[in-house]
Amino acid sequence: MRSRYSAFVLGLGDYLVHSWHPDHLGTLTADELSRSDTRWDGLEILASRGGPHDETGMVEFKAWFVEGDARHCLHERSRFVRYQGRWVYTDGEQDPAPLRVGRNDPCPCGSGKKFKKCCFE
């Protein structure tokens, strides 16, 4: 996710296309993804799931950007799958409902610990 955010910031459309599952890319092109007048202003990873042995993953994040004189936030829970040996983006849900995590579930922060032993409040 951090690499995709950086690619959006830098206008690296070829990388974005390469890291997007072809079945979910639609008609987007590298040229279109390279052109942006968005002024990105920061990334905060809120939760993640999926490791080296998984076939699916999720990253919940907030990406901050400036439009005019105001700072805004894109809050998304992105879904990823393994495709040809690498993680690729499929789709996402903007302004997602809070994650429901049980005490004994893996912690969504990606630590590998149970939620109750990590980020449980």
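Residues numbered from 1 in each chain as written. Predicted model: local features only at pLDDT ≥ 70, side-chain atom pairs only at ≥ 80, totals over all residues. Heavy atoms only, no water.

Spatially, the 4 strands line up as an open sheet ordered 1-2-3-4, and their pairing is antiparallel. Across the chains shown, the open sheet's two edge strands, defined by having one partner strand only, are strand 1 (39–49) and strand 4 (86–94). Averaged over all pairs of adjacent strands, the angle between their axes in this sheet comes to 30°, without regard to strand direction. Where strand 2 (residues 56–67) meets strand 3 (residues 70–83), 12 bridges bridge the pair, whose relative direction is antiparallel. Its bridge partner lying in strand 3, T56 is registered against V81. Relative to the sheet, helix 1 (residues 2–10) contacts strand 1, strand 2, strand 3 and strand 4, its axis offset from that of strand 1 by approximately 165°. (Pairing = 2+ DSSP bridges. Helix = DSSP H or I, 4+ residues; strand = E, 2+ residues; numbered from the N terminus. Axes fitted to C-alpha atoms, helices over the stretch in contact; angles between N-to-C directions. Contact = heavy atoms within 4.5 Å.)

Below, the discussion takes up the environment of P108. Tracing the backbone through its elements, the reader meets P108 in the segment after strand 4. P108 sits 59 residues away from R49 along the chain, and the two C-alpha atoms are 6.0 Å apart.

A7, L16, W20, L25, L33, V59, F80 and Y89 together form the largest nonpolar core, which totals 8 residues. In contact with F80, not counting residues within four places along its chain, are M1, R4, E55, T56, G57, V59, W87, V88, Y89 and T90. (Core = buried A, V, L, I, M, F, W, Y, C linked by side-chain atoms within 4.5 Å. Buried < 20%, exposed > 50% of the residue type's maximum accessible area, 1.4 Å probe, protein only.)

A full pass over the atoms with the stated rule returns 5 aromatic pairs. Plain terms: the ring middles of Y5 and W40 are 6.0 Å apart, the flat faces sit at 75° to each other, and that makes the pair edge-to-face. Note that Y5 is positioned in helix 1 and W40 in strand 1, a separation of 35 residues in sequence. Assessed through its relative accessible area of 13%, Y5 is described here as buried. (Phe/Tyr/Trp six-rings, centres within 6.5 Å; stacked < 30°, edge-to-face > 60°.)

For the rest of this paragraph, the subject is a nonpolar patch on the surface. A cluster of nonpolar residues, V9, L10, L12 and Y15, forms a patch on the protein surface that exposes about 370 Å² of accessible area. Note on placement: V9 falls in helix 1. (Patch = residues over 30% accessible without salt bridge, like charges linked within 9 Å, V, L, I, M, F, W, Y side chains within 5 Å. Areas by Shrake-Rupley, 256 points an atom, 1.4 Å probe, with all protein chains shown as cover. Salt bridge = Lys/Arg side-chain N within 4 Å of Asp/Glu carboxyl O.)

Position of G13 relative to the elements: it lies in helix 2 (residues 13–18). Overall, G13 belongs to the buried group, its relative accessible area being 1%. Through-space distance from the C-alpha of G13 to that of G51 is 26 Å; in sequence the pair is 38 residues apart. When near neighbours in sequence (up to four residues on either side) are disregarded, G13 contacts A30, L33 and S34.

Attention now goes to the confidence of the model for the protein chain. Averaged over the protein chain, the pLDDT score is 91; the fraction of residues at 70 or greater is 96%. Here strand 1 stands out as the element of the protein chain with the lowest mean pLDDT, 93, in contrast to helix 2, whose mean of 97 is the highest. (pLDDT = per-residue confidence, 0-100.)

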